[in-house]
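Here's the letter readout for the chains.
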Amino acid sequence: MTDRRHQAIPARGQVVGPLVPLVGDGIPVACADGTERPYLWLDAAASTGAVRPALARVQEFLPWYSSVHRGAGHKSQVITSAYGDARAAALAFARRIGRHGDVAILYHDTTEALNNLAYRLRMTRDDVVVATVAEHHANLLPWSRAATCRYIECGRDGTFGVSDALFVLDQQPAPRLLAITGASNVTGWMPPLAPIIAGAHERGIPVVVDAAQLAPHRPLPADADFVAWSGHKMYAPFGVGVLVGPRTAFADGDPFLAGGGAVDLVDLDEVVWTDPPDREEAGSADVIGAVALHAAIGTLNQIGWAALTGHDRSIARSLRHGLASIPGVQLLGPGLDTETLPVAAFTVHGVPHALVAARLAAEEAIAVRHGCFCAHPYLMRLLGLSREEVQRYRDQVRRGDRSAMPGAVRASAGINTTEDDVRRLLAAVARVADGPPLVRYHQDRHTGDYHPDTSGPARLPRPRPGRRSCSPG
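So, how was this worked out
- Once a new chain begins, its residue numbering starts again from 1 and follows that chain's sequence as written.
- At least 70 in pLDDT is required for a residue's local features to be given in this predicted model, at least 80 for side-chain atom pairs to be given and counted, and no such filter applies to totals for whole chains, interfaces and linings, which use all residues.
- To obtain the side-chain values, all non-hydrogen atoms of the structure were used and water was disregarded.
- The definition of a nonpolar core used throughout is a set of buried Ala, Val, Leu, Ile, Met, Phe, Trp, Tyr and Cys residues joined through side-chain atoms within 4.5 Å.
- The rule is simple: take the accessible area with a 1.4 Å probe, protein chains only, and divide by the maximum for that residue type; under 20% is buried, over 50% is exposed, in between is partly exposed.
- Secondary structure elements follow DSSP: runs of H or I of four or more residues count as helices, runs of E of two or more count as strands, with numbering from the N terminus.
- In this analysis, strands are considered paired if DSSP registers two or more bridges between them.
- Between N-to-C directions, angles span 0 to 180 degrees; the directions come from axes that are lines fitted to C-alpha atoms, helices contributing only their stretch in contact.
- Convention used here: angles under 35 degrees read as roughly parallel, angles over 145 as roughly antiparallel, angles from 65 to 115 as roughly perpendicular, and any remaining angle as oblique.
- Here is the rule for handedness: rotate from the far helix to the near one, and if that takes an anticlockwise turn smaller than a right angle the crossing is left-handed, while a clockwise turn gives right-handed.
- When checking whether two residues touch, look at their non-hydrogen atoms; a contact exists if any pair is within 4.5 Å.
- Under this grouping Gly is polar, as are all residues other than the nonpolar Ala, Val, Leu, Ile, Met, Phe, Trp, Tyr, Cys and Pro and the charged Asp, Glu, Lys and Arg.
- Between the rings of Phe, Tyr and Trp (Trp by its six-membered ring), a pair exists once the centres lie within 6.5 Å; its type follows the angle of the planes, with under 30 degrees stacked, over 60 edge-to-face, and the other angles tilted.
- Salt bridges are defined as contacts in which a side-chain nitrogen from Lys or Arg sits within 4 Å of a carboxyl oxygen from Asp or Glu.
- Pairs of N or O atoms within 3.5 Å make up the polar contacts considered here, provided that, within protein, one atom can donate a hydrogen while the other can accept it, and that residues adjacent in sequence are counted only when both atoms are side-chain atoms.

Engineer: Explain the nonpolar core to me, and be specific about the residues and the numbers.
Structural biologist: One broad rule of soluble globular proteins: the nonpolar side chains tend to lie buried together. By size, the foremost hydrophobic cluster in this structure holds 83 residues, and its most contacted members are L178, W229, M234, L379 and I415. No other element matches helix 7 (residues 287-303), which puts 11 residues into this core. Listed in part, the 32 residues of the second largest apolar core include L40, A358, I366 and V429.

Below, the structure is given as structure tokens:
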């Protein structure tokens, strides 16, 4: 089967779909009925495929692979220059060109970037960080470990307003930092960042934005003090994350990781750290991830935000309205008149979320995510669960039984998603909501996952070894 999406990148501002083909689109996979279907990846909120320019850049670059900042040889000089170019591209993508003193630090991913920042800000339990209940764990756990957290609550629809945020910022003791998502990885809802950031700054509170979900869909907030995002969510899945912030935040003190490349001088009783951003990047840099990110940034810039936003809005509208119209399906999050990214979380009445995902995969060759999406507090609110219910589930998990874990199903789209893809998903979800499975499914109580019977002729994947859940939190 040939890839159906070999198309040129559209002219800037032109809205078409799919906008750009991704590496691996349309690969045929085995289904429970013994046939093969083109694989439909609707889990872009977790990770995306690679744009072809990123793959081409990596293939072009590999013969030159050497060590960044590690030698006078020609190859080392070439890749050190390419690594610096990638940093500069990240700064420009964050709209920081012209702002003196900002640096782009390259990490493994957003999680590592935020953990490093929490360490570098030298907080104590006497410091207060304001976060929101809508955060991904990557923007919750580092702050709760480093400081005392105070939270902006949301309504049952998963949203909050500017006044809600400012009310929490005005409580005493005064916060040292506001940590806020740019877009929910569960519902695709985008908080009103600009007025919230402005309100925080009026109160002398710096702001860090977790932009991992936002970065491939909308321009990054130029007025935030710190912004973190990941290449693996924006079509450069070779492993790199970015933290952009003021150089002064990293100019003093020791870095989170200590090692080679982060120092100017080491004696047995003294260390002279080098200047940022190199101070924060001990060890061998991920130059492949950096050049792939640079290529992905170039692709998004070539498409342009007008086309990207137009495509997002069209797909989001079709996805959310379509799911909401299926009998037995409950769409979680804000109402249909609220603009979101092309991300939709939903439940199917009478069908466990893990079984919905397993059936879509085994019977329809459609990949979605299920579970709590590394945003447990937020999802518990979206599901309307009481503290007592959550405690019962927690006790059950502690006994090693995840069979009744609450959760939802999430479909999320990217620049390669078409309206036909959405229609294919909607038809499949309707069949799951209204019809019996094609094969028997067995649930692993330890992981909570459902696995199709693999004893028949269909070449379905067998349960993965190690009893690791498909939806770890």
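Engineer: Provide a residue-level description of the sheet that holds strand 8 (residues 207-210), including the pertinent values.
Structural biologist: Either a parallel or an antiparallel arrangement is found when strands of a sheet pair, and the pairing is made through backbone hydrogen bonds. Within the open sheet, the seven strands sit side by side as 4-10-9-8-7-5-6. Their pairing is mixed. Edge positions in the sheet fall to strand 4 (102-107) and strand 6 (148-152), since each of these pairs with one other strand and no more. Within the sheet, the average angular offset between the axes of one strand and its neighbour, ignoring direction, is 20 degrees. Here strand 7 (residues 177-181) pairs with strand 8 via four bridges, running parallel. Bridge assignment links A179 to a residue of strand 8, and that residue is V208.

Engineer: I'd like a description of the packing of helix 2 (residues 74-93) against helix 7, backed by residues and values.
Structural biologist: Look at helix 2 against helix 7: their axes get within 9 Å of each other, and the N-to-C directions meet at 45 degrees. Between helix 2 and helix 7, the angle falls in the class oblique. Crossing angle aside, the handedness with which helix 2 passes helix 7 is left-handed. In this structure, helix 2 contributes I79, A82, Y83, D85, A86, A89, A90 and F93 to the contact, and helix 7 contributes V287, A290, V291, H294, I297, L300 and N301. Looking at the contact of helix 2 with helix 7 residue by residue, the classes come out as 12 nonpolar, two polar and one charged.

Engineer: Account for the pairing of strand 11 (residues 263-267), with residues named and values stated.
Structural biologist: Across four bridges, the pairing between strand 11 and strand 12 (residues 270-273) is antiparallel. The residue of strand 12 that forms the bridge with V263 is W273. Where strand 11 hands over to strand 12, the hairpin turn is made up of two residues, counted between the paired strands.

Engineer: An account of the sheet that holds strand 16 (residues 369-371) is requested, with residue identities and associated values reported.
Structural biologist: The four strands lie next to each other as 13-14-17-16, forming an open sheet whose pairing is antiparallel. Because the sheet does not close on itself, it has two edges, and the strands there are strand 13 (329-331) and strand 16. Ignoring which end each strand starts from, the neighbouring axes of this sheet average 30 degrees apart. Examined bridge by bridge, strand 16 and strand 17 (residues 408-412) share three bridges and lie antiparallel to one another. When the sheet's bridge partners are listed, R369 is paired in strand 17 with R410.

Engineer: Give me the lowdown on the environment of G182, citing residues and values where you can.
Structural biologist: Mapped onto the fold, G182 is located in the loop between strand 7 and helix 6 (193-202). The exposure class assigned to G182 is buried, which follows from its relative accessible area of 2%. Along the sequence, G182 and L425 sit 243 residues apart, while their C-alpha atoms lie 27 Å from each other. For G182, the residues in contact, after removing those within four places along its chain, are M190, P191, L193, V209, D210 and L214.

Engineer: Break down the packing of aromatic side chains for me, with residues and values.
Structural biologist: Aromatic rings in a pair are described by how distant their centres are and how their planes are angled relative to each other. The final tally for this structure, using the stated rule, is six aromatic pairs. For the pair F93 and W305, a centre-to-centre distance of 6.0 Å together with 35 degrees between the ring planes defines the contact as tilted. Pair noted here: F93 is in helix 2 and W305 is in helix 8 (residues 305-324), with a separation of 212 residues, a long-range link. With a relative accessible area of 25%, W305 lands in the partly exposed category. Seen from their ring centres, F226 and F250 are 6.3 Å apart, and the 85 degrees between their planes marks the pair as edge-to-face. Pair noted here: F226 is in strand 9 (residues 226-230) and F250 is in the loop between strand 10 (241-246) and strand 11, with a separation of 24 residues, a long-range link. Of the residues examined, F226 reaches a relative accessible area of 5% and is grouped as buried. The class of F250 is buried, set by a relative accessible area of 0%.

Engineer: Describe helix 10 (residues 376-383), listing the residues and the values that go with them.
Structural biologist: Every buried residue of helix 10 is listed here: Y378, L379, M380 and L382. Looking at the buried positions of helix 10, the neighbouring elements they touch are strand 16, helix 11 (387-398) and strand 17. Backbone geometry just after helix 10 places G384 at a positive phi near 70 degrees.

Engineer: Explain the pattern of salt bridges to me, using residue names and the numbers behind them.
Structural biologist: Working definition: two side chains of opposite charge can pair if their charged atoms are close together. Counted according to the given criterion, the structure contains 20 salt bridges. Across the pair R120 and E280 runs a salt bridge, and its minimum N-O distance is 3.0 Å. In this pair, R120 sits in helix 3 (residues 110-120) while E280 sits in the loop between strand 12 and helix 7, placing the two residues 160 residues apart along the sequence. Grouping residues by exposure puts R120 and E280 together as buried.

Engineer: Please set out the environment of G84 residue by residue, giving values where relevant.
Structural biologist: Locating G84 in the fold gives a position in helix 2. Counting along the chain gives 129 residues from G84 to Q213, while the straight-line C-alpha distance between them is 25 Å.

Engineer: With reference to specific residues and values, describe the side chain of E281.
Structural biologist: Along the chain, the position of E281 falls in the loop between strand 12 and helix 7. On the accessibility criterion, E281 (10% relative accessible area) is buried. A polar contact of 2.8 Å, which involves the side chain of E281, links it to the backbone nitrogen of L106. Not counting chain neighbours up to four residues away, the residues in contact with E281 comprise Y83, R87, A104, I105 and L106.

Engineer: Go over the packing of helix 1 (residues 52-61) against helix 7 with me, naming the residues and quoting the values.
Structural biologist: Where helix 1 contacts helix 7, the axes come no closer than 8 Å and their chain directions differ by 140 degrees. Put simply, helix 1 runs oblique to helix 7. The handedness of the crossing between helix 1 and helix 7 comes out as right-handed. Contact with helix 1, carried on its side by P53, A54, R57, V58 and F61, involves V287, I288, V291, A292, A295 and T299 of helix 7 and no other residues of that element. Classifying every residue of the contact of helix 1 with helix 7 by side-chain character gives nine nonpolar, one polar and one charged.

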